[in-house]
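# Architecture at a glance
Listed below are the residues making up each chain.
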Amino acid sequence: MMTQDSWLSCEKTAILQGGFLLANRLCQPASLSALQKEDWSKVGHPILQAVREICGQERGSCLSSVRWKKKIICVLWSKLLGKESEEDMEIGWRENPFFSLQNSLPDINRIVLFELVKLTGFSQIYVQLLLCLPSAHLSAELGELVQHVTRNSTEEDVRVLLEVWWELWKGRWGRQEEDDLDKVFTNRWTSLTNTTGLSPQAAKRFKSDPETSTSSSSTTDVLSILFHALEEMKEHLSTSDLCYRALTNCLDSLYTSHLIDQAIILPAEVQLQSLTSTVTVRKRHAGIEKFDLVQVISEARSDLKAAHTPSLFKPCGMTLMQALQTVSQLTQAWEKRGLLEMTDSGDPSDLTRRLKNSLTRVLESLEERSMSETMNEGERQTLNNVQSTLRGLFVSLSFPDTESNAGEMAHIAVAIINHRLEGFQDFTMLFATELSWSLSMEEWISCLERNKNAFQRKDIVMKLVSTLIAKCQMDSEVEHCRKLKDIIVNIFAELPLTEKNTTLAEMLTCSKRGLQGSLPLAVMEGFSEELNMTFNCIIQGGSVQNNLSLAVAAIARVAFQNPEATLRRCCHLAVVNHGAHSLLSNILQQLSGLRGGAPGCTEGTGSSAGSLLCSCLQDTAMTKLSSAKEEDQFLHFLVALMQPSISESLERGQSFLHPEEVVCAFVLPHLSPSSGYSTCSLELCLRLLHSAFSLESQDPSPHWVMNCSPFPLLYVLCQILNEGCRCWELPVEGAPCHLSTESKEMLVTVLTALGKVVGREVASAPNTWSRALFWLYNKVEALDWTVRFHLKVVWGDHFKNEVPSSLLAVCELPEQEWSGLKLAQYGQGTGLLAWMECCALSDEVQNTMLTSLALDQHRPDDVNMFSKGLLVAVTQTLPWCTVAEWGRLLRAMRELLRSGRLHVPYSLEYVDFLPLLDLRPFSGELRLSVLLLRVLQLLCGSSCKDWLPGQGWAHVGLLYASAMREVIDSLRGKLSPSSSNTSPKDSKHVQVMMPGGQCESLFLCALEILTHYEAVLATHPSSSSHLEIENTRHFFTTITDNLESAEMKAVLHQKIAQLSSSG
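Residues numbered from 1 in each chain as written. Predicted model: local features only at pLDDT ≥ 70, side-chain atom pairs only at ≥ 80, totals over all residues. Heavy atoms only, no water.

What follows covers unusual backbone geometry. Across the junction of Gln28 and Pro29, the peptide omega takes the value 15°, indicating a cis bond. Its location among the elements puts Pro29 in the loop between helix 1 (4-26) and helix 2 (40-43). Positive phi values are uncommon outside glycine, yet Asn152 reaches one of about 50°. Along the chain, the position of Asn152 falls in the loop between helix 9 (135-149) and helix 10 (155-170). In the Ramachandran plot, Arg420 falls in the positive-phi region, its phi being about 50° despite a non-glycine side chain. With respect to the element layout, Arg420 can be found in the loop between helix 21 (406-418) and helix 22 (425-432). (Helix = DSSP H or I, 4+ residues; strand = E, 2+ residues; numbered from the N terminus.)

Structural data, given as structure tokens:
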């Protein structure tokens, strides 16, 4: 069944066909293909009536009407082109989409097409299709039109020429985007050109008289064609309006073709004033009934743009002087006929206004050109004459400029924005600011609300905020202000993320409290509830990617209203909500606009400069960190924010919170032995420093830490490390606690990392940092020599390695790199103590100590003395070692045992309980085990047992237990089951010797070893006799009985009892 649209199309086609057939019959005995211009009035009426009926039917919409106009012109023009190019019918019916319709019409010539365009007002449609052609063909087709209108000219011919002229100059700015009919017509033209060889010369039928023939360039120059046509038709202009329009076209054409080379961008306010003046004048002359505001604004906007944009048609046949002379001649001719005299200076028409504006632009431009360019005498005289003529015309147009009041301008802006007319974006900023006072509050807010998406630009949002603040200060109604605030927030919420961040950053520069800091409380009512609800939804929603995007948008929305409150809530929840720190850090990484001030330290104070986030984090650290768990979350939150970002809102590699900010805000003000830090806060400072240095720096040299007072920071860290050397001494009353061994290990790591960074910067610019380097050297002279050794990476080659002089007695070290210090606590015989302390400092120094040790292994007495001295040195060093330092000492002792420089006899107290064994495969492990036993015997002896407090003995037990685990791991696979009981006896013996006897580390170590021993017996039950197992069990029980802790004793007894059942 045929649809209504198809039926209408068939009906309209029939009407069109009928009109043309009737007109063709009226031409008999000739036909429409041979029609002359003067005969159109006799036969054209049926065609005009049919076209008007088709395009004016009430059933068709305005858009449908325009489409039918274009369709009719396309069909007729296509029919003409096919006939002129002698198109093959076999090709046409397959490729020509207009084939059926155009072949149902009688043959026509161009007079039919041009008269139809002229008498139906289809000039705009005709130009739209004309612009689809290549430039050479366009000129040829325009020539055809000019030939038609210049023969037997009437005012209608002049009018259509001027309409086509100006539509050409408006070009594609005066129309919508290319539609499908444009594309079909372009393809049709291209097809005919390619298949039939249609050329501009073949298409052109304009034959001028020999006396008036022009050059080849002038026949293809659009400007030249139009100017010559107007010259030829100048006697046929009989009204002032036509003369004004013609001169305006001429002036604007030569201005845009010769006098400007780039578009002139008028300020939005100037554009709006011009549009308002045009609308006011046209409304006054047209009357309310015939006035279409949107159409008038669109046309005026198009005219304005065309007059200020370089022409599409570059002049090639007419110079500027020739064009000016033509304009001057036309002006003089029409002035003589009295056609340029204003009839009513108090009520100028729109055409008069346009001519006056065009004269202003051309005269100003000519004045500038006459002063800047070199001309010959003839050219200057011509220019002066033209300027004189144009000035005279300008003076004759003596009417005051139409004043546009702000209210009218505001209403025009509303219409432009409401209908999204071309260039509406240019007026949104003006509407958001100056025009906001020209309308009632209700009208202005209503337009904003209807057109929120038109105002989605970061600079407009901030202008709207300024307008809102101003209106609140003018005592506007609270309800209106609250509604306006909500609209602005909604507009902000729809911005792209990058523009949101830019807006947030600008908002922070105005007020850290955002809108809430600038608006009355009544306007911001309900914000606290919105803030709470936002974070509740985010915490409950989790971190799925879709939810993350929504969460970022929600946080941005509340941050726009109050950045400070939003960041404080983020920091609070990141600490107190388990796992929330990860989600919240991901959100903040997307909102780079909340970063605030640039990273840095305020000179002299070491505090953070200008970062709102740092301020909120500091408040959180002071008030919310009440447990180790919260401190951990706080640390992880900071570390996550310091991570280089891969989000769109930050440049790649940039972090939301710069490590420099963290160090300045959370480390420098608090990291000092005299600052009264607690162990917990000191550990937090060290962990932050460690995390900051662990991140790969994205900045070019110098490293960011060089902005954080690096040399004072090194000195403070050395001071704290120096205090750590006395970790087992009881602090003086009121003094801060000594550094724990755990914190000491992290401190050494941080100090080493910082030293390497500073050392690289010093090496790259020694002259820059020389004074600071010597300052640091002088400051650390009072500290322990082992502390100063950690700064070797900073000194580089500037200073030697300074060690106790006694060390040089046991080592052969080069004098150019090492120098001795006379230290009271390192007298004669302390060289091995210093040597062991050096071995604990670093792997590099340990290697140096091992290779430079002065010991003659061919002299047994020297080896014995060295071994005894080393035993004492290890005893003195062990309690103050960190886990890492103890690991280095163990490696040094193994190397000494392996190389034969350290002698430890097999004098085992438990030899009676061991079967006859070959101890050589595991002599190293046994010797180390015995050596450590001797160390612990000496340390637990009567002369040393008062050295350490309970925590110190627990630390010693921890280190010894770690050493015994290493020994057992090494023995696995080497020892037979029957000999695996040596180490548990050593560890149990040490546990009994230890003051207090309740060292948990040793207890756990003994359990592990007994479990291993039990597993070996279960796997190899025949490896030991029942008597051997019973003897072992009895011995273990005897030692365990000496433990003071009843709980430990009971557990070990139970474990030992299981050995007999395993056997």
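Further remarks concern the packing of aromatic side chains. For the coordinates displayed, the defined rule picks out 20 aromatic pairs. A ring pair is formed by Trp169 and Phe313, whose centres lie 5.4 Å apart and whose planes are at 45°; its orientation type is tilted. Taken together, the residues Trp169 in helix 10 and Phe313 in the loop between helix 17 (293-306) and helix 18 (320-336) connect sequence positions 144 residues apart. For Trp169, a relative accessible area of 3% puts it in the buried group. With a centroid separation of 5.8 Å and 15° between ring planes, the pair formed by Phe693 and Trp704 is classed as stacked. Here Trp704 lies in the loop between helix 34 (679-694) and helix 35 (710-724) and Phe693 lies in helix 34, a separation of eleven residues in the sequence. Of the residues examined, Phe693 reaches a relative accessible area of 15% and is grouped as buried. Residue Trp704 is classed as buried on the basis of its relative accessible area of 4%. A cation over an aromatic ring shows up here: Arg354 above the ring of Trp166, its NZ or CZ 4.8 Å from the ring centre. Note that Arg420 overlies the ring of Phe424, its terminal NZ or CZ placed 5.5 Å from the centroid. (Phe/Tyr/Trp six-rings, centres within 6.5 Å; stacked < 30°, edge-to-face > 60°. Buried < 20%, exposed > 50% of the residue type's maximum accessible area, 1.4 Å probe, protein only. Lys NZ or Arg CZ within 6 Å of the ring centre and 35° of its normal.)

What follows concerns helix 30 (residues 580-590). Of all eleven residues in helix 30, eight are buried, a share of seventy percent or more. Those residues of helix 30 not exposed but buried are Ala580, His581, Leu583, Leu584, Ser585, Ile587, Leu588 and Gln589.

Below, the discussion takes up the environment of Leu688. Structurally, Leu688 is set in helix 34. Given the relative accessible area of 1%, Leu688 is considered buried. Separated by 22 residues in sequence, Leu688 and Phe666 have C-alpha atoms that sit 8.0 Å apart. Contacts of Leu688, omitting those with residues within four sequence positions, involve Leu635, Leu638, Val662, Phe666 and Val667. (Contact = heavy atoms within 4.5 Å.)

Ranked by internal contacts, the top residues of the largest apolar core, which has 142 residues, are Phe431, Phe560, Ile587, Leu671 and Leu717. Here this core gets nine residues from one element, more than from any other, and that element is helix 35. With sequence-adjacent residues up to four places away left out, Phe560 is seen in contact with Val461, Val465, Ile488, Val489, Phe492, Thr503, Leu504, Met507, Gly514 and Leu515. Core analysis: the second largest hydrophobic core is formed by 107 residues, Val43, Leu113, Tyr255 and Leu324 among them. (Core = buried A, V, L, I, M, F, W, Y, C linked by side-chain atoms within 4.5 Å.)

Attention shifts here to the side chain of Gln102. Considering the arrangement of structural elements, one finds Gln102 in helix 6 (residues 99-103). On the accessibility criterion, Gln102 (5% relative accessible area) is buried. Looking at Gln102, its side chain comes within polar contact range of the side chain of Asn96, at 3.2 Å. If we skip the residues at most four places from it in the chain, Gln102 touches Val75, Ser78, Lys79, Asn96 and Arg188. (Polar contact = N/O pair within 3.5 Å; in protein donor to acceptor, adjacent residues only side chain to side chain.)

Secondary-structure assignment places Gln271 in helix 16 (residues 268-286). With relative accessibility at 7%, the residue Gln271 sits in the buried group. Once residues lying within four places of it in the same chain are set aside, the contact partners of Gln271 are Leu266, Arg301, Leu304, Asp426 and Phe427.

Here we take up helix 25 (residues 478-493). For helix 25, which comprises 16 residues, the first-to-last C-alpha distance of 22 Å matches the rise-based estimate of 22 Å (1.5 Å per residue) to within 8%. Listed in full, the buried residues belonging to helix 25 are His480, Cys481, Arg482, Leu484, Lys485, Ile487, Ile488, Val489, Ile491 and Phe492. (Expected span 1.5 Å × (residues − 1).)

What follows is about the pattern of salt bridges. Under the counting rule described, the total for this entry stands at 38 salt bridges. For the salt bridge of Arg361 with Asp252, the shortest nitrogen-to-oxygen distance reads 3.0 Å. In this pair, Arg361 is assigned in helix 19 (residues 350-372) and Asp252 in helix 15 (residues 240-259), connecting sequence segments 109 residues apart. Relative accessible area serves as the criterion here: at 15%, Arg361 is assigned to the buried category. For Asp252, a relative accessible area of 2% translates into the label buried. Linking Asp632 and Arg687 is a salt bridge whose minimum nitrogen-to-oxygen distance equals 2.9 Å. (Salt bridge = Lys/Arg side-chain N within 4 Å of Asp/Glu carboxyl O.)

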